[in-house]
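Below, each chain spelled out in residue letters.
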Amino acid sequence: MLKPGDEFPYKARNGKDRIDVFTQLRKNFCDLWIDSQNATDAFRKAGYSLVNKKTGIPHSDAYVRSEALKTLKYPASQQYIEDRYAEMAKQAGYDAQATLSLLKSQANADPRELSEHVIGACRYCWGENNRYQRTQNEILIAREKFEKELNDWITEHPGKTYDKEFDIMGGIGFDPRKRPNPECCECWGYGKGRTIIKDTRDLSPEGLALYAGIKQTKDGIEVKTNSQDAARLNLIKHFGLITDRIEISDPLVKDLLAMAECLKRQGVSVEQVDKAYEEFMNSKGLVK
Ligand SMILES: [Zn+2]
């Protein structure tokens, strides 16, 4: 574990041996970076001088950012941060493999394991002649009700004939899980939507890693999830797939960025630049 003031040699890019000194300021910077993951912010708060010593003029944002990223990239900084992370993980009782595997599960989980919005058939979709369809039990209950009414009517009207028959309408077989019928004259194939919150007893390890509980809100039940974006970003960072620093080698891009920084410092907006450009082109008789 590195301590403030520790020194160790490393091979510089030009092949010469250099000493990368780990100072108290650098330690402050690394600690702040670990908290915020924002190099510029950490640099500003660490205690480094933010003004030009000779002129007293404050450093530009671009300069501070560049210094901050440089400080972050030093081998001693990287090693200190790595050691701090290892120590924090140890204190929290995490081992690297288990943490990675949890992050992978969160990142790869299918959110539909937790809740789903499904579209099923409406009552008319698959009914005979596009009429109202019922389940077997619904038909049984309706038939019992019809027969009771029939018997009551016969008792009240002795000697008369009841001329109505039980209407089976669209028949038996309603199943809301079926897909809507594109030919349905009631829903026109759009069916009926239902939101389903799944049984959390049946979740896969990925689903469990994503699941963060249930919350009762005034609008109903909300299924809470751990952030998949954060898990993916952490994995990307872990595997070094992206870095904070963008290497700019094109001199034209460098000049443009310097010019943009200069205009920004002078308080010139993009719209003003655009207008000036248009006026210039017009004055020269050139089409934009
Ligand atoms: Zn329908």
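Residues numbered from 1 in each chain as written. Predicted model: local features only at pLDDT ≥ 70, side-chain atom pairs only at ≥ 80, totals over all residues.

### Regarding helix α5 (residues 96–108)
Test applied: Note on conventions: DSSP H or I runs of at least 4 residues are helices, E runs of at least 2 residues are strands, and numbering of each starts at the N terminus. Each helix should span, by expectation, one fewer than its residue count multiplied by 1.5 Å. In this scheme the burial state of a residue depends on its C-beta neighbours within 10 Å: 20 or more other such atoms mean buried, 12 or fewer mean exposed, and anything in between means partly exposed; the C-beta positions come from the backbone. The reported arc concerns the directions from the helix axis to the C-beta atoms and nothing else. By definition, residue pairs are in contact when their C-beta atoms, positioned from the backbone, come within 7 Å.
Given a rise of 1.5 Å per residue, 13 residues ought to cover 18 Å, and the 18 Å separating the end C-alpha atoms of α5 matches this to within 8%. Taken residue by residue, α5 has L103, Q106 and A107 as its buried positions. Along α5, the residues classed as buried sweep out an arc of 95 degrees about the axis, all on the same side. The exposed residues of α5 that point more than 90 degrees off its buried face are Q97 and A98. In this fold, the buried residues of α5 make contact with α7 (205–210) and α8 (228–238).

### Remarks on the confidence of the model for the protein
Which entries qualify depends on this criterion: Confidence scores labelled pLDDT are given residue by residue by the predictor and lie between 0 and 100.
Taken as a whole, the protein shows an average pLDDT of 85; of its residues, 84% reach a score of 70 or greater. Looking over the protein, one finds the lowest element-wise mean pLDDT in strand β1 (residues 7–11), namely 54, and the highest in strand β3 (residues 115–120), namely 96.

### Observations concerning the packing of helix α1 (residues 24–36) against helix α2 (residues 39–46)
So the rule is basically this: Comment: axis = line fitted to C-alpha atoms, over the contacting stretch for helices; angle = value between 0 and 180 degrees taken between N-to-C directions. Here roughly perpendicular refers to angles of 65 to 115 degrees, roughly parallel to angles under 35, roughly antiparallel to angles over 145, and oblique to all remaining angles. The handedness criterion is simple: a crossing whose near helix is rotated anticlockwise from the far helix by less than a right angle is left-handed, and one whose near helix is rotated clockwise is right-handed.
Running from amino to carboxyl end, α1 crosses α2 at an angle of 140 degrees, the nearest separation of the two axes being 8 Å. Comparing their axes, α2 and α1 come out oblique. When the axes of α1 and α2 are compared, the crossing they make is right-handed. Together, L25, N28, F29, L32, W33 and S36 of α1 and A39, D41, A42, F43, K45 and A46 of α2 make up the contact between the two elements.

### So, the environment of T40
By the element assignment, T40 lies in helix α2. Judged by local crowding, T40 falls into the partly exposed class, with 19 C-beta atoms found within 10 Å. Taking C-alpha positions, T40 is 9.3 Å from A62, a pair spaced 22 residues apart along the chain. When residues no more than four places from it in sequence are discounted, the contact partners of T40 are V64, R65 and A68.

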